[in-house]
Amino acid sequence: MSIELITFIVMLGTFLLGCFLCKLPIGISMVLASVAGALIGGQGVPVVHLVEGMFAYVDTILVIATAMIFMRVIQESGTLDAICATIVERFHKVPALMLIMIMVIIMFPGMITGSSTAAVLSAGSIMAPVLMMMGVPILETAVILSLGGMLGMIAPPTNLPAMIMCGGVDIPYSGFTLPLILLTFPLAFAFVLVLGLKHVKKMNYAEVRAKLNTEVRKKYGFKIYIPLILVVVLMVLNTAVPAIPDMGMPLVFLICSGVGCFTGRKFNILKVSKNAIQSVLPVMGILMGVGMFIQVMTLTGVRGLIVTSCLSLPSWARYIALSTSIPLFGSVSAFGSASVLGVPFVLSFLAKNEIIVVSALSLIASLGDMMPPTAMAGIFAAQVVGMKDYKQIMKKCLLPCLIILVWGVIFILAANFLEPFIVFH
């Protein structure tokens, strides 16, 4: 047995012991696993490499932090309440379109923060009562929130697993918008229609309308929507007009958060920002731990071992391996799965278009958020709707998760065929 394999087993074992036996946070477990791997690999405690790894995803961490502040701002100012009321009022006569719009709202926080947890806990907590008022059963509502959160974290513009894989194989995070749209939105719309349409058709609109919060929209009018409109404009401005410098997503979110302080309900921006950062600290900690983990894997040769192992697999075995290992490892961390396993699989598919491959692998990695024992999307969805046990949600999500897996594999298989139609830099 090679020293690289022994090192990897020790790192993985330390990580699992920290998570499941000692009940430590995922980020801390990854730090301990990194130190253990460096010691076994004969590198001592490489402080320089650990610090360098910790800052490997600092750009992504800034995006998460500022995006979560923006989400809390539009939640506190009343923008989300106004959008919810508008959708129900305008589209209640077309239940299918109304459900699709609701699914987009559920996905939206995940789209800008890259976190399924943010989607379920923010927009999900607002839309869950609305769905149940419309007649959607509690279990189906929880499943819609879970799937919306998972697919939202993969939808553009912010896809953290894809960003992590891009960093690992040194390609720019550019040209991913259309592939990610095709991977996520068709599934999201199909799931919400299958789960909710038959129930919403029986909705008592007068009863639902009486429970909607319409005061904010009536009081502040169109300006309540300005932060959302501005964030979309600033995100596409550089693409539409290349002569204008790209501000970067963190600055875009901060500007729009500042505007949101003056377009709706009054609130304490310092308190909101503090609460927003606290809510995403676990995710940022995971990314720091992932950076250390990967840095030590590279230092000790473990990463090279995994890459060569993936490259040596027969083509058919590669698809089986990615379909099982990435979701299973994602049960601990979808981000860790994207980095530890996603990067080698991207390298093993270099003959295919890397943008489509990375996009599809990120979709498969998202399944980790529904894998026990962590199953963050399922657990938080259960909390939001008031269910004590999330196992029923897991059972109900089995078929949708299998469809997500097959959809991702199909895109990898057809990557070169799809390239001329969906990849634009």
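Please read all numbers here as calculations on a predicted model, not as lab measurements.

Draft legend 1. Just the domain arrangement of the chain, in detail. For the chain, the assigned domains are domain 1 (1-45) and domain 2 (46-422). For domain 1 versus domain 2, the separation of C-alpha centres amounts to 28 Å. The interface of domain 1 with domain 2 comprises 24 residues on the first partner and 23 residues on the second. Buried surface at the junction of domain 1 and domain 2, summed over both partners, amounts to about 1,900 Å²; 87% is from carbon and sulfur atoms. The interface formed by domain 1 and domain 2 holds 0 salt bridges in total. In this assembly, domain 1 and domain 2 are joined by 2 residue pairs in polar contact (both at pLDDT 80 or more).

Draft legend 2. Representation of the packing of aromatic side chains in the model. Taken as a whole and assessed by the stated rule, the structure comprises 8 aromatic pairs. On the basis of an interplanar angle of 35° and a centroid distance of 5.9 Å, the ring pair of phenylalanine 70 and phenylalanine 253 is categorised as tilted. One end of the pair, phenylalanine 70, is in helix H4 (residues 58-77); the other, phenylalanine 253, is in helix H15 (residues 249-260), and 183 residues separate them in sequence. Accessibility classification places phenylalanine 70 together with phenylalanine 253 in one group, the buried group. Of note, arginine 318 hangs over the ring of phenylalanine 349, and the distance from its end group to the ring centre comes to 5.3 Å.

The rules we used
- Residues numbered from 1 in each chain as written.
- Predicted model: local features only at pLDDT ≥ 70, side-chain atom pairs only at ≥ 80, totals over all residues.
- Heavy atoms only, no water.
- Domains from an automatic or database assignment.
- Contact = heavy atoms within 4.5 Å.
- Buried area = accessible area lost by both parts, 1.4 Å probe.
- Salt bridge = Lys/Arg side-chain N within 4 Å of Asp/Glu carboxyl O.
- Polar contact = N/O pair within 3.5 Å; in protein donor to acceptor, adjacent residues only side chain to side chain.
- Phe/Tyr/Trp six-rings, centres within 6.5 Å; stacked < 30°, edge-to-face > 60°.
- Helix = DSSP H or I, 4+ residues; strand = E, 2+ residues; numbered from the N terminus.
- Buried < 20%, exposed > 50% of the residue type's maximum accessible area, 1.4 Å probe, protein only.
- Lys NZ or Arg CZ within 6 Å of the ring centre and 35° of its normal.

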